[in-house]
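Listed below are the residues making up each chain.
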Amino acid sequence: MRCLFRFILLMVVIDPRFSWSLSKEEELYWLHCSGCHGLKGEGVAGVSPRISETIGYFASTEKARKYIIKLPGVALSPISDEELADLLNWMVVSFSPQKFSFKKFTKEEIARQRTEPLWEIEKERLSLLKTLPQKEALSRSWKKFRLDPSP
């Protein structure tokens, strides 16, 4: 599967005609997110959590939005603030199981928050999970992708 992904990614980079059916946000996701989170947001055990069916909840509160933006893979990504805002908005819409009413991420919000990446990820996420809607389901999803499944 990884070989197929790398081949497709290589073809997109070498020959832009192969990306004609992908939106700008899909291309950004493939290039900057799918290596860890999977092509469909399914996550990779011990590497990164599932974002499909969960990311919408993280766009629902200011504290959770700040958390997403400050994650090292997000905050340090080599794309512009505007591209990152568009990508996060696309992810919430594309990976949420239902229509979510959420405040769209803006390039100004991204610029403010990404300057100080979060390094205490697990501690912050566990604290945050207690405050979000669907906290039990989100906690199970997080535990599934941790290397050490103990609480």
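Residues numbered from 1 in each chain as written. Predicted model: local features only at pLDDT ≥ 70, side-chain atom pairs only at ≥ 80, totals over all residues. Heavy atoms only, no water.

- The protein chain appears in an unreviewed UniProt entry as Cytochrome c from Candidatus Methylacidiphilum infernorum.

**So, the nonpolar core**
1) Next: Formed by 31 residues in total, the largest nonpolar core has its most connected members in Y29, F58, L87, L88, M91 and F105.
2) Next: Put simply, the parts of the chain that give this core at least two residues each are α2 (24-32), α4 (55-58), α5 (62-70), α7 (81-95) and α9 (121-129).
3) Next: L88 has contacts with I68, I69, F105 and I110, leaving out every residue within four places of it along the chain. (Core = buried A, V, L, I, M, F, W, Y, C linked by side-chain atoms within 4.5 Å. Buried < 20%, exposed > 50% of the residue type's maximum accessible area, 1.4 Å probe, protein only. Helix = DSSP H or I, 4+ residues; strand = E, 2+ residues; numbered from the N terminus. Contact = heavy atoms within 4.5 Å.)

**With respect to the packing of α5 against α9**
1) Next: For the pair α5 and α9, interaxial distance at closest approach is 11 Å and the crossing angle is 160°. When the axes of α5 and α9 are compared, the pair comes out roughly antiparallel. Crossing of α5 over α9 shows left-handed handedness. In this structure, α5 contributes K63, A64 and Y67 to the contact, and α9 contributes I121, E124, R125, S127 and L128.
2) Next: Class assignment of the residues belonging to the contact of α5 with α9 gives a composition of four nonpolar, one polar and three charged. (Axes fitted to C-alpha atoms, helices over the stretch in contact; angles between N-to-C directions. Parallel < 35°, antiparallel > 145°, perpendicular 65-115°, else oblique. Left-handed = near helix turned anticlockwise from the far one by under 90°. Nonpolar A, V, L, I, M, F, W, Y, C, P; charged D, E, K, R; others polar.)

**Some thoughts on the pattern of salt bridges**
1) Next: For the structure on display, the rule yields four salt bridges.
2) Next: Two residues, D86 and K24, come together in a salt bridge whose shortest N-O distance is 2.9 Å. Of this pair, D86 sits in helix α7 while K24 sits in helix α2, placing them 62 residues apart in sequence.
3) Next: A relative accessible area of 41% places K24 in the partly exposed class.
4) Next: For D81, the salt bridge is made with R114, and the minimal N-O distance between the two is 2.7 Å. Of the two residues, D81 is situated in helix α7 and R114 in the loop between α8 (107-113) and α9; the sequence distance between them amounts to 33 residues. (Salt bridge = Lys/Arg side-chain N within 4 Å of Asp/Glu carboxyl O.)

**Comments concerning α7**
Along an α-helix, residues three or four apart share an orientation, since each turn contains 3.6 residues.
1) Next: Helix length check: α7 (15 residues) gives 21 Å between terminal C-alpha atoms against 21 Å at 1.5 Å per residue, within 8%.
2) Next: Turning to α7, its buried residues are L84, A85, L87, L88, N89, W90, M91, V92 and F95.
3) Next: For α7, the elements touching its buried residues are α2, α4, α5, α6 (72-75) and α8. (Expected span 1.5 Å × (residues − 1).)

**Concerning the packing of aromatic side chains**
1) Next: With the rule as written, the count across this model stands at four aromatic pairs.
2) Next: With a centroid separation of 5.8 Å and 45° between ring planes, the pair formed by Y29 and W90 is classed as tilted. One end of the pair, Y29, is in helix α2; the other, W90, is in helix α7, with 61 residues separating them in the sequence.
3) Next: On the basis of an interplanar angle of 55° and a centroid distance of 5.2 Å, the ring pair of Y29 and F95 is categorised as tilted. Of the two residues, Y29 is situated in helix α2 and F95 in helix α7; the sequence distance between them amounts to 66 residues. Here Y29 matches F95 in class, with each residue buried.
4) Next: Taken together, the aromatic side chains of Y29, W90 and F95 make up a single cluster linked through ring pairs.
5) Next: Note that R65 overlies the ring of F105, its terminal NZ or CZ placed 4.0 Å from the centroid. (Phe/Tyr/Trp six-rings, centres within 6.5 Å; stacked < 30°, edge-to-face > 60°. Lys NZ or Arg CZ within 6 Å of the ring centre and 35° of its normal.)

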